[in-house]
Amino acid sequence: MQNNMTDCEEGEGGPNSQGDGNPKESSPFINSSADTDTEKTQQYDGKSMALFEEEMDTSPMVSSLLSTLANYSNLPTGSKEHEEAENNEEGARPSKKPVKAPQLGTLMGVYLPCIQNIFGVILFLRMTWMVGIGGVFGSFIIVFMCCSTTMLTAISMSAIATNGVVPAGGSYYMISRSLGPEFGGAVGICFYLGTTFAGAMYILGCIEILLIYIVPQAAIFKIEGLEGAEAELALLNNMRVYGTIVLSFMALVVFVGVKYVNKLALVFLACVILSILAVYAGVIKTAIEPPEFPVCLLGNRTLTSKAYDICAKFIEIDNETVTTKLWRSFCDSESLNATCDEYFINNNVTEIQGIPGVTSGILAENLFGKYLEKGMTLEKRGLVSNVDPDSPTTNSNRYVLADITSFFTLLVGIYFPSVTGIMAGSNRSGDLRDAQKSIPIGTIAAITTTSTVYMSCVVLFGACIEGVVLRDKFGEGVNGNLVIGTLAWPSPWVIVFGSFFSTCGAGLQSLTGAPRLLQAISRDGIIPFLRIFGHGKANGEPTWALLLTASICEIGIIIASLDAVAPILSMFFLMCYMFVNLACALQTLLRTPNWRPRFKFYHWALSFLGMSLCLSLMFICSWYYAIVAMGIATCIYKYIEFCGAEKEWGDGIRGISLSAARFSLMRLEEGPPHTKNWRPQVLVLVSVDAEQNVEQPRLLSLTNQLKAGKGLTIVGTSVQGTFLDNYTEAQKADQSLRKLMETEKVKGFSQVVISSNLRDGTSHLIQVGGLGGLKHNTVMVSWPRNWKQPEYYQQFKNFIEVVRETTIASLALLVPKNISSYPSNGERFTEGHIDVWWIVHDGGMLMLLPFLLRQHKVWRKCKMRIFTVAQLDDNSIQMKKDLITFLYHLRIDAAVEVVEMLDHDISAYTYEKTLIMEQRSQILKQMHLTKNEMEREIQSITDSSRGSIRRKKPPALRPQHSTEEGASVAEKPEDESEAVSNPKQVQLIHSKNASSPTSPTSPAAPPGGGTATWTDSKSGDKRKIHLAPTPEAGKDLFSMKPEWENLNQRDVRRMHTAMRLNEVITKKSKEAKLVLLNMPGPPKNRVGDENYMEFLEVLTEGLNRVLLVRGGGREVITIYS
């Protein structure tokens, strides 16, 4: 049992299992032990569970699994494993090592790591400046907004973290498993970039403390004597050089061993806590005895400490007036009558206390902000100075100047990084004794503590420190001291060294955490180009990821300004927090069955409020950084969507898709789509061979060209057999369909049905394809190529049944003939025509299909031509005008031609072709008769022969023959054998032949050669056919072969129409790239199926690519907008 538990812990959901190509998330509830079948058999021998013994492999007994479920943990790729791996490198590693139970509680595992990560460089280097610039009121709003955002995010995060086990990866894991791989990968990369730039910010803070407050002499680029932009550039260059050196050193420390960083973590945390306590102690000290920190003002302007030695213009020494260093700074000589700066002469020098104390009432003066332009002097409120507004400021290097232009949104961007770090507890979930209890309590307690400290600091700084000192970012007016250090007790150095070590520690933690986060993303395999960063040293150290992290961190170092880097990482962290809130809100609203967090104090409204705050803060901080961050996330999202690995994580976005799909389907049920919204939703019927490979792949090419990724496409096939026996073949066929759809870039669904015969399977697909209102309205099926061969008899029978079923179901039908000659998606036609032969109106399908095809790059260069057939009494000129007008209203560009079909007598070749067709039909039919059908066929042949004997010879020609007799025969076209044996039929042959049987206006031959119907309408029985026999007709009749007498004359006329139409189409469209024409309907009875196929064959003979089209009985194109 121990082995089972260990396997489960290490193999199921562990860090090494991520990115193994498994689309499903691993689970401890599936038995993953490596026991052999023999062991399993022995395990259950003698048990009273024989009823379930065949399912033991996949469904183990609960009793044997309970201990595994209870002890299930998912240890992260954290410091503990790396330390153990390093310690085990010297000796042989045991093949199976029991995993130690995690021991960390709430305090050490969550609370203190969060405290360490939240308190950072901004508190020590920028908090006092923010209070001075924004005022106590404005700064309090900023702190409250940011802390509220992190608190709401922590509530959402607690709900997600307590909804099951959260392995390594922390926030990345939570977001990706809640919002799917696309969002997870995008936000994971943003979180990684935020953590990396945080490392750069901490290193820059570390260098700033070192060069400005500890050892200014170490500067490589000397600042002394430089002014304005030159001094600023020298400072930034120093930051770049030292920052690169420190970054290299820190990366080396992380590479050598993470255990050293983790052992120093407590030391760095102690530095932070001591520094904060020193600040509070200093506040209390100011109430009792304010410290001496004088600040010198000239008028109301703050002077830099290096500009004076004594805060006076001159002093009395031995009754002699002596000028000071300050005098020499503003005058051209030491003498009292020297030429001095005008502002210096007109204003007095005053000295004020930089820290008047908490009881001084300075809070009222600092309550509101004072935003400065770059280069402005720091001026004290309430002091009046004598200044000429027209005179420029001179000797500006003697004053404390604003180094950047400040505004409210800038302060938000700079401050927000000081509230990040709330994920530290969830990142260590695998090390916690009870993660589902510790993470919410520890994280929320840490945020409460830090928020209280920040808010109290805002008020206390404003109540204790003079405004000009608060606005003095680098302490130039207080002898170069760290401003917050001036408040600390017992010494400013406590804060200086405490903040220095805390920033060093935070930088090391960032360089430790960021590569592991990148490694977790890489091992998930969702971003292909990052897979190399999933590799590392033998002990799992992410070497390549560390190298990339250091390189990105160097970008922040090159920027060199802490104030410029802080908003960048604010963007990435805010985006991460926004999606944590979104994940919680979605899971709550969707009410997924697996959403059962132990943390109950959450609500979707809180999550949406947190998400809104995050989004607002992003644009408040910097709208252009926000757009860039969103652009990066969008690019990663789309990259994962198109190129990433397929993952099924049960995420919330999939839940949204299901809910949206259900809502949309319910809306579609309200009624059929409007004609303007109609587009072919295609069911493509394909056949598969014995290896379950698709036999007509070009059908999918044509579908792609027709659809261009729009609308519904279902590719269906049927497998012969039973569901129990042939399920594997069906799965294989489904995989084959999916693979081909992916190759041909057909966006849609595959569907495979198993049926006892292929005919029923195809029928089932037509009936049940789609769901609700999202059903197919068009069926595409390939023309049966070898239908004339006896072995393909059933194939063409199935084809005709498909035609019948689509007609009954009012579905449009597309039948591409010679599908193998159709172009692939990679081909291009540089010229040519798409010809439409519009013979009968089908709702506009023939107009719409070429338009859709020409949207695709294969057919884009082809021009469209429309041909229509004029009947004998039609005005072809007016028809052409009307058709051009119609196309103009349809907004379709096409050339128009009206083809006139002249009357011709039925040729001997037509009779001969009809005779051959009927003989072949008889042979095919007899080859497939059952015993009972054979007996009936023998009887009909006997009856036919008796009729021939009684007839003896053909009756004489009777031209003045009324049609009532012929009509009575026409009413019964279904019984072909009776039509052959009936003597009256011969009279009908002669009368029809004597009349002009090919006239398009003849009632017996519907327009278009019978394309609309295959049975004469009974309403036409009473119509008269006026016969006008001619000598030529009589001559032809007497020269007819005896075997032609028994032919069904309706078949003769249909053959004649097919041949005439084919002759015209071939003449006009022989060179066309594609010919579209109306597909005649099938015979209502099944006796004439073979003849129907022959008519279609004759109709399309000699044409390379033909698309036969049948409308679905509704208008699909409209002239209205």
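Residues numbered from 1 in each chain as written. Predicted model: local features only at pLDDT ≥ 70, side-chain atom pairs only at ≥ 80, totals over all residues. Heavy atoms only, no water.

(A) Here's a closer look at the packing of aromatic side chains. Throughout the structure, instances matching the rule amount to 25 aromatic pairs. With centroids separated by 5.5 Å and ring planes inclined at 70°, the aromatic side chains of W783 and F799 adopt a geometry described as edge-to-face. With W783 in the loop between β9 (778–781) and α27 (793–808) and F799 in helix α27, the pair connects residues that are 16 residues apart, well separated along the chain. There is no split in this pair, since W783 and F799 are both buried. One aromatic cluster is present, formed by F314, W327, F330, Y343, F344 and Y399 through successive ring pairs. (Phe/Tyr/Trp six-rings, centres within 6.5 Å; stacked < 30°, edge-to-face > 60°. Helix = DSSP H or I, 4+ residues; strand = E, 2+ residues; numbered from the N terminus. Buried < 20%, exposed > 50% of the residue type's maximum accessible area, 1.4 Å probe, protein only.)

(B) Examining the packing of helix α7 (residues 127–161) against helix α15 (residues 435–464) more closely. Across the interface, α7 lies against α15 with an axial gap of 9 Å and an inter-helix angle of 170°. By the angle between their axes, α7 is roughly antiparallel relative to α15. When grouped by side-chain class, the residues that make up the contact of α7 with α15 number 22 nonpolar, 9 polar and no charged. (Axes fitted to C-alpha atoms, helices over the stretch in contact; angles between N-to-C directions. Parallel < 35°, antiparallel > 145°, perpendicular 65-115°, else oblique. Nonpolar A, V, L, I, M, F, W, Y, C, P; charged D, E, K, R; others polar.)

(C) Focus on a nonpolar patch on the surface. On the surface, a nonpolar cluster with roughly 690 Å² of combined accessible area is contributed by F137, F140, I141, F144, L363, L367, F368 and V459. For the nonpolar patch, the leading source of residues is α7, giving 4 residues. Along the chain, L363 turns up in the loop between β5 (349–353) and α13 (408–415). The class for L363 is partly exposed, based on a relative accessible area of 31%. (Patch = residues over 30% accessible without salt bridge, like charges linked within 9 Å, V, L, I, M, F, W, Y side chains within 5 Å. Areas by Shrake-Rupley, 256 points an atom, 1.4 Å probe, with all protein chains shown as cover. Salt bridge = Lys/Arg side-chain N within 4 Å of Asp/Glu carboxyl O.)

(D) Fine view of the state of the cysteines. A complete count under the given rule lists 2 disulfides for this structure. Each sulfur in the disulfide pair C296 and C311 lies 2.0 Å from the other. Taking the sign of the S-S torsion, 85° for the link of C296 and C311, the bridge is right-handed. Residue C296 is located in strand β1 (residues 294–298), and its partner C311 is located in the loop between β2 (301–302) and β3 (314–317); the two are separated by 15 residues in the primary sequence. Each sulfur of the disulfide joining C331 and C340 lies 1.7 Å from the other. What sets the handedness of the C331 and C340 disulfide is the S-S torsion sign, and at about 105° it is right-handed. (Disulfide = S-S within 2.5 Å.)

(E) Representation of the side chain of S406. Looking at where S406 falls in the secondary structure, it is placed in the loop between β5 and α13. Look past the residues within four positions of S406 in its chain and what remains in contact with it is W129, I133, Y371 and L372. (Contact = heavy atoms within 4.5 Å.)

(F) Molecular detail of the pattern of salt bridges. Overall, the coordinates contain 15 salt bridges when judged by the stated rule. Taking the shortest distance from any N to any O, the salt bridge between E232 and K374 comes out at 3.1 Å. In this pair, E232 sits in helix α9 (residues 228–256) while K374 sits in the loop between β5 and α13, placing the two residues 142 residues apart along the sequence. For E232, a relative accessible area of 32% corresponds to the partly exposed category. Between R738 and D734 there is a salt bridge whose closest N-O contact spans 2.9 Å. Of this pair, R738 and D734 both sit in helix α25 (residues 723–743), 4 residues apart, which is roughly one turn of that helix.

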